[in-house]
Number of protein chains: 4
Amino acid sequence: MIVILKPNAKREQLDGLLDWLHSKDITVHSSVGANHTILGLVGDTSRLDIDLIAALDIVEDVKRVQEPYKKANRKFHPEPTVVTVGDARIGDGSLTLIAGPCSVESEEQVVAIAKAVKAAGATMLRGGAFKPRTSPYSFQGLGEKGLEFLKAARAETGLPIVTELMDLTQLPHFKDVDVIQIGARNMQNFDLLKAVGRQEKPVLLKRGMSATYEEWLMSAEYIMASGNEQVILCERGIRTFETNTRNTFDISAIPVLRQLTHLPIVADPSHASGRSSLVAPLAMAAVAAGVDGLEIEVHNDPAHALCDGPQSLRPEVFESLAQKLFRLHDCAAELAEDTREEGQAK
Amino acid sequence: MIVILKPNAKREQLDGLLDWLHSKDITVHSSVGANHTILGLVGDTSRLDIDLIAALDIVEDVKRVQEPYKKANRKFHPEPTVVTVGDARIGDGSLTLIAGPCSVESEEQVVAIAKAVKAAGATMLRGGAFKPRTSPYSFQGLGEKGLEFLKAARAETGLPIVTELMDLTQLPHFKDVDVIQIGARNMQNFDLLKAVGRQEKPVLLKRGMSATYEEWLMSAEYIMASGNEQVILCERGIRTFETNTRNTFDISAIPVLRQLTHLPIVADPSHASGRSSLVAPLAMAAVAAGVDGLEIEVHNDPAHALCDGPQSLRPEVFESLAQKLFRLHDCAAELAEDTREEGQAK
Amino acid sequence: MIVILKPNAKREQLDGLLDWLHSKDITVHSSVGANHTILGLVGDTSRLDIDLIAALDIVEDVKRVQEPYKKANRKFHPEPTVVTVGDARIGDGSLTLIAGPCSVESEEQVVAIAKAVKAAGATMLRGGAFKPRTSPYSFQGLGEKGLEFLKAARAETGLPIVTELMDLTQLPHFKDVDVIQIGARNMQNFDLLKAVGRQEKPVLLKRGMSATYEEWLMSAEYIMASGNEQVILCERGIRTFETNTRNTFDISAIPVLRQLTHLPIVADPSHASGRSSLVAPLAMAAVAAGVDGLEIEVHNDPAHALCDGPQSLRPEVFESLAQKLFRLHDCAAELAEDTREEGQAK
Amino acid sequence: MIVILKPNAKREQLDGLLDWLHSKDITVHSSVGANHTILGLVGDTSRLDIDLIAALDIVEDVKRVQEPYKKANRKFHPEPTVVTVGDARIGDGSLTLIAGPCSVESEEQVVAIAKAVKAAGATMLRGGAFKPRTSPYSFQGLGEKGLEFLKAARAETGLPIVTELMDLTQLPHFKDVDVIQIGARNMQNFDLLKAVGRQEKPVLLKRGMSATYEEWLMSAEYIMASGNEQVILCERGIRTFETNTRNTFDISAIPVLRQLTHLPIVADPSHASGRSSLVAPLAMAAVAAGVDGLEIEVHNDPAHALCDGPQSLRPEVFESLAQKLFRLHDCAAELAEDTREEGQAK
């Protein structure tokens, strides 16, 4: 951490700061310039509160050198984390498809979709039982009943289930769920993060609509610091000035997070775009960029299409897309392999 | 609501849509152009899910004409809502100052600050007991103990207290709190909104970091639809590309919300700016723009400044600012009065 | 275009509006609801100024149904435009690589890089002679001399050259340039757009840092309306709240523009990311999303690395990447072919 | 400037960097930590290109301590710059009103508006002759003829004129203009900045739609570095995710720029909001925040309202607003005066 002092910093105030830092086992190197004095702080600065130091009268600015997350940090854990769920091994270089309806509507619906997506190569079933909706007048999901239907679909197909937890009070119903999803709107619901951090099952953590990579990793850190290291990160688009797409899918998140963290990274092209016609190109792009998995919405009943989101694919479209995604993934993997061999040959 | 059909919309699909709309008591006017057919939907469209209609194959685009919020909508409730808390009447044209420490640290601290801000003209005391922090390693607040200290300060000064609720499970401890604050990160924690909607006390609802006015009002609508109409909206800055200030204080929110809703509007210049030197000019601006109240952070102990945010003011600075704010508010009120008289004289 | 009237619109004002619209050959359909009257405008609304209508006292809102661009609009020109430059045919389904140094520094440098990128499969040479720099104290490019060096490299390798025009007064020096690049900062320099619209050579139009797709296409429309229909669009990242990457590469621009326009689309992963380690994954993603070409920065002299941007690749890295990009493009093309055949078989 | 080295930085590469820095008269202090080595660079770092250093293999990150602008920097020029135009002294603590039509349409129109705004207290006349329009099909302004009409209005009223220069080639027509305006879309048209930097008249520099404060000041620096130090900065709203207002008026720009620069700061509430009903509250807020002047759009002919923007005020509304603004400014000035006296009394 670097602290830049104001030109007129008083000696006694500076001494107060230095004493406080030493009491935290931080070593300080000073560098005195014509206009500014700069303090270089060495030690475990991840526990220092940057805002508190910035608050001091004598401080002009504070900048972090080291990332504030530790457990999620690739620097301290270079090997990729692999999260195993049923037959899926997310993070081991394979491509996992997680598919299913936006909202669970009936047992028939979710069982039918589960069979279809399994046949197409998906190894996990997603579906919303508790639905976060912007309007109090919109359908809020089937709740517990929806969870039952998901479990019925699992019993039928063997696909593990992923579904969103919106509130601590719903936790008892999630005992038998395979992966808990934390939605974008709850990415900084810190009590919820701590609670899922105490569970012994994987958590799929969606990026908040305006969360930086660092904030997102700090939310993963909340879960990990509470004891649960099985965290899967999910990019689902961020909010920008462009309104043509529902969100702006931040493809860079995939390679950047690969550098910053050892946690697996999946992407949700359905919510990122908000339009079914964009799901395929964004999914292809994510695979080419090196994603570990994709979460894709599939609906099955055109007659009831009014109850599906505009970003859902029909099963036959999903099946065709899944094939392309696996073949593209093979192709990209082969190219990466060649690059490695080339590197070794040199 | 306006529905724009694709050029090649099939007759049978269109009939399906029209039947469904009629079953919802919606009247439809068609307007057929060279390239597009446009449907004008008339009736109570606030209960139609815009995404569901947009999902239809035959639909190119859907646009709302009427706002999706009803209870919060000024069109259906032209008179301003006034929320009464102790001596404060928020929304009646007066200026309410809500002041106190960012975090509650000790009984002495919060009592001392409460006395100081009361002397300066504040009529409500704010203070954080449960603290939402980006890092799991940062101080998370004193929790229940913090609430006790706030109540002690209330007993001492008579100032009603405002403090943040982060999770449903904390609700039992908030029975004796005067105003429940919902923080920016929880603005779309819908279960929490429903829960505070069932309480019989005012709720101060902060704007989410990347929430539009409409989403913010929809969150207010959640609270109101659950039975609690005492909602105070609080602008606290939005996330933009500019990083010099912690957030970008959206001053336009004040006059725009005044047009859209009857709910009172306060502003938090401390969090919006993240710097004490900006609190005074932003507070002055908010008063000139017609705000109903201001929430301002005050700390009291320079020796422990490390525990206060960089945006907090010292009591003597707050006192001087409060005087200026009240005088500016008087001046602005007088100017508004003259305008009204002028209008009547014409 | 749809015009939503205020509830209290006066009859005489409405008649004034209707007369004015009729004088513009616009037919109007009215739809009268309980709270609003909606006018559906049918005819050539692309020449109506939406802001002027919105300014009227009686108008609550105006919404476009039809895009305001015509020449760039795929609806009126379904076949893709192919721009031919030397051996490159941009827009015909092939992948064009445009590579070269950020800044032209010397004849040796640019000739050496040109040879290297040609050997790697690039068919166009890029290089900056006139450089837009945020600071007046930064190197502003070699100017005319830089253009001479680029031409020397073209003479040596046969690669056509692409370089940025910053101002009308530089135009005489661009007579012999193959493709004129308009930079992000000049995307709405309308006099410059009109001027390149009068040239008889292709224009590569970069997206402005905060330009919507519609504004970008309107800038293309400026060039086309002035007579030059050879416009290549280039996505180079947009400005968002995320500061880890220099810009946020908007991968969705590729499939969305494919739907909106017939113009070819290339991407610049170097500027989008600002980091060499991100160039490869973003380039791979763009190819998978269906881009027509890529503009990539290559530098050649590690000893003078101080003069190259942090996003430049060394020639040997570019060569290896180019191979992967072509193979990935083949793979994606094959998958698309299969999909087409599958579609026909049905 | 602070340079953070990668953990595995090679000695020879580091020596290369150190030699290069010394050749630029930069002194370097090193601070070696467990994970990182940090270099503190002392000297005139404003001429170092931060991107070039960041490009080095051995560098993990570079952070500026000192602002990259010098002539615009308050640190090196603590006294406020006052720009004198006719009777207006912008930057001396007074409030200057700059008013006039969005577009110049006829001599009668602009003369009538000029008389009205002068009577209301404006001391400068604004009006667009060359108009930057998003669409090539929109009215592009009267050009030279428009300038003539503005000059006629000046002859009639004595008000100095402010009008926008869009391109270098128009410069000869601006000899007799009092203040040259550079629009938001041209804020980083660097050749245009250099050209107005060689003129001997004030320049009103609007903030770009997505420009940071630093980029904006760097554009001012371009003008100043070319010899013209009479620069007036104009906040006109930035682009964010909120679409209710045309732009988000960044009120914080006023107090932040006051700290960063000695240049005068004006605000344009008309373009910031895009709605006439928001002009008054935003103008009031800007005055309370300490702005030096306001640029406000006024139109005069309701019968031709179709040709005015939705954000224009009628003369009688402007007159009433101007009175309120001057009275609010007096009130705010008085409060500031009291604060100063209070400070001295202590």
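Rules behind the numbers
- Residues numbered from 1 in each chain as written.
- Chains lettered and ligands numbered in written order.
- Predicted model: local features only at pLDDT ≥ 70, side-chain atom pairs only at ≥ 80, totals over all residues.
- Heavy atoms only, no water.
- Least-squares fit on C-alpha atoms with pLDDT ≥ 70 in both.
- Disulfide = S-S within 2.5 Å.
- Axes fitted to C-alpha atoms, helices over the stretch in contact; angles between N-to-C directions.
- Helix = DSSP H or I, 4+ residues; strand = E, 2+ residues; numbered from the N terminus.
- Parallel < 35°, antiparallel > 145°, perpendicular 65-115°, else oblique.
- Left-handed = near helix turned anticlockwise from the far one by under 90°.
- Contact = heavy atoms within 4.5 Å.
- Nonpolar A, V, L, I, M, F, W, Y, C, P; charged D, E, K, R; others polar.
- Domains from an automatic or database assignment.
- Buried area = accessible area lost by both parts, 1.4 Å probe.
- Salt bridge = Lys/Arg side-chain N within 4 Å of Asp/Glu carboxyl O.
- Polar contact = N/O pair within 3.5 Å; in protein donor to acceptor, adjacent residues only side chain to side chain.
- Buried < 20%, exposed > 50% of the residue type's maximum accessible area, 1.4 Å probe, protein only.
- Pairing = 2+ DSSP bridges.
- Core = buried A, V, L, I, M, F, W, Y, C linked by side-chain atoms within 4.5 Å.
- Expected span 1.5 Å × (residues − 1).
- pLDDT = per-residue confidence, 0-100.

Once chain B is rotated about the relating axis by 180° and shifted along it by 0.0 Å, it coincides with chain A to within an RMSD of 0.0 Å. Taken together, these values place the two copies in the relation of a two-fold axis. For chain B, the smallest separation between a C-alpha atom and the rotation axis is recorded for B:Ser210, amounting to 3.1 Å.

Attention now goes to the state of the cysteines. Scanning the model with the defined rule gives 0 disulfides over all chains in all. Here C:Cys234 is not disulfide-linked; the sulfur of C:Cys102 is the nearest cysteine sulfur, at 14 Å.

Further remarks concern the packing of helix α6 (residues 213-225) of chain C against helix α7 (residues 253-260) of chain C. Residues and elements named next belong to chain C. Look at α6 against α7: their axes get within 12 Å of each other, and the N-to-C directions meet at 55°. Between α6 and α7, the interaxial angle falls into the category oblique. Note that α6 runs across α7; the crossing there is right-handed. Residues Tyr-213, Trp-216 and Leu-217 of α6 lie in contact with α7, whose contacting residues are Ala-253, Val-256, Leu-257 and Leu-260. For the contact of α6 with α7, a count of residues per class yields 7 nonpolar, no polar and no charged.

Turning to the domain arrangement of chain A, a few remarks are in order. Taken domain by domain, chain A holds domain 1 (2-63) and domain 2 (83-341). Taking only C-alpha atoms into account, the centre of domain 1 of chain A sits 43 Å from that of domain 2 of chain A.

Moving on, we get to the interface of chain B and chain C. Across the boundary between the two partners, chain B contributes 22 residues, which contact 22 residues of chain C. Carbon and sulfur atoms supply 66% of the area that chain B and chain C bury against each other, a total of about 1,800 Å² over both sides. Three residues, B:Lys63, B:Val65 and B:Phe241, lead the burial of chain B against chain C; their summed loss comes to 23% of the area buried on that side. Where chain B meets chain C, there are 2 salt bridges. The closest approach of N and O atoms between B:Lys75 and C:Glu60, which form a salt bridge, is 3.3 Å. At the boundary of chain B and chain C, one finds 4 residue pairs in polar contact (both at pLDDT 80 or more).

Throughout the structure, instances matching the rule amount to 80 salt bridges over all chains. Across the pair C:Arg207 and A:Glu242 runs a salt bridge, and its minimum N-O distance is 3.1 Å. A residue pair is termed interchain when its members come from two chains, as with C:Arg207 in the loop between β11 (203-206) and α6 and A:Glu242 in the loop between β12 (231-235) and α7 (253-260). Exposure class is identical for C:Arg207 and A:Glu242. Each is buried. In this structure, D:Asp268 engages D:Lys206 in a salt bridge whose closest nitrogen and oxygen atoms are separated by 2.5 Å. Here D:Asp268 is found in the loop between β13 (265-267) and α8 (269-273), whereas its partner D:Lys206 is found in strand β11 (residues 203-206), with 62 residues between them in sequence. For D:Lys206, a relative accessible area of 5% corresponds to the buried category. Bridged by salt links that share partners, the residues A:Arg126, A:Lys206, A:Asp268 and A:Glu295 form one connected network.

The transform that puts chain B on chain C rotates by 180° and translates by 0.0 Å along the axis, for an RMSD of 0.0 Å. Comparing interface residues between copies, 100% of those in chain B also sit at the interface in chain C, which points to an isologous, same-surface contact.

With that settled, the discussion passes to the sheet that holds β11(D). Two pairing modes exist for strands in a sheet, parallel and antiparallel, and in both the strands are linked by backbone hydrogen bonds. All names here are of chain D. If you walk around this closed barrel you meet the 8 strands as β7-β8-β9-β10-β11-β12-β13-β14, and the pairing is parallel. Averaged over neighbouring strand pairs, the angle between their axes works out to 25° when direction is ignored. Note that β13 and strand β14 (residues 293-297) share 2 bridges and pair parallel. Paired with Ala-267 across the bridge in β14 is Leu-294. Against the sheet, helix α5 (residues 190-197) touches β10 (179-182) and β11, its axis set at about 170° to β10. Contacts from helix α6 (residues 213-225) reach β11 and β12 (231-235) within the one sheet, and its direction differs from that of β12 by about 155°.

To continue, consider the packing of helix α9 (residues 276-288) of chain A against helix α9 (residues 276-288) of chain C. For the pair α9(A) and α9(C), the least separation of the axes is 7 Å and the interaxial angle reads 150°. One finds that α9(A) runs roughly antiparallel with respect to α9(C). The crossing of α9(A) and α9(C) is right-handed. Where α9(A) approaches α9(C), its residues A:Met284, A:Ala285 and A:Ala288 are matched on the opposing element by C:Met284, C:Ala285 and C:Ala288.

Right, let's get into the sheet that holds strand β11 (residues 203-206) of chain A. Residues and elements named next belong to chain A. Overall, parallel pairing links the 8 strands, which are arranged β7-β8-β9-β10-β11-β12-β13-β14 in a closed barrel. Between one strand and the next, the sheet's axes are offset by a mean angle of 25°, whatever the strand orientation. The sheet contact formed by strand β8 (residues 124-126) and strand β9 (residues 161-164) spans 2 bridges and is parallel. Bridged to Leu-125 within β9 is Ile-161. Of the strands in this sheet, β8 and β9 touch helix α4 (residues 144-157), which is tilted by about 165° from β9.

Here we take up the interface of chain B and chain A. Taken together, the contact pairs 51 residues of chain B with 51 residues of chain A. In total, chain B and chain A occlude about 4,400 Å² of area from one another, counting both sides; carbon and sulfur atoms represent 54% of this. Put simply, chain B and chain A have 2 salt bridges between them. Measuring nitrogen to oxygen at the nearest pair gives 2.6 Å for the salt bridge that ties A:Glu215 to B:Arg239. Here chain B is connected to chain A by 19 residue pairs in polar contact (both at pLDDT 80 or more). Of all elements in the fold, only α2 (50-54), α5 (190-197) and α6 (213-225) of chain B reach the threshold of two or more residues within the side of chain B that touches chain A.

To continue, consider the nonpolar core. The biggest cluster of nonpolar side chains holds 328 residues, and the ones touching the most others in it are A:Ile251, B:Ile251, C:Ile251 and D:Ile251. Setting aside residues no more than four positions away along its own chain, B:Ile251 makes contact with B:Ala285, B:Ala286, B:Ala289, D:Phe249, D:Ile251, D:Leu282 and D:Ala285.

The next point concerns the environment of C:Ile238. Residues and elements named next belong to chain C. Topologically, Ile-238 is positioned in the loop between β12 (231-235) and α7. For Ile-238, a relative accessible area of 0% gives the class buried. Sequence separation between Ile-238 and Thr-248 is 10 residues, and the spatial gap between their C-alpha atoms is 5.2 Å.

Moving on: helix α6 (residues 213-225) of chain A. Side chains of residues three or four places apart in an α-helix project in the same direction, reflecting 3.6 residues per turn. All names here are of chain A. For α6, which comprises 13 residues, the first-to-last C-alpha distance of 18 Å matches the rise-based estimate of 18 Å (1.5 Å per residue) to within 8%. With 11 of 13 residues buried, α6 lies mostly within the body of the structure. By the burial criterion, the buried members of α6 are Tyr-213, Glu-215, Trp-216, Leu-217, Met-218, Ser-219, Ala-220, Glu-221, Tyr-222, Ile-223 and Met-224. Where α6 ends, the next residue or the one after it, Gly-227, has phi of about 120°, a positive value.

All names here are of chain B. Tracing the sequence through the fold places Gln-109 in helix α3 (residues 107-120). Residue classification places Gln-109 among the buried positions, given a relative accessible area of 7%. Beyond its immediate chain neighbours, meaning those up to four positions away, Gln-109 contacts Pro-101, Ser-103, Val-104 and Asn-300.

With that settled, consider the confidence of the model for chain A. Of the residues in chain A, 95% reach a pLDDT of 70 or more, and the chain-wide mean stands at 91. The complex prediction reports pTM at 0.93, with the ipTM value standing at 0.92.

Here the focus is the side chain of D:Thr212. Following the sequence through the fold, D:Thr212 ends up in the loop between β11 and α6. Apart from the residues lying within four places of it in its own chain, the contact partners of D:Thr212 are B:Phe241, B:Glu242, C:Arg239 and D:Arg207.

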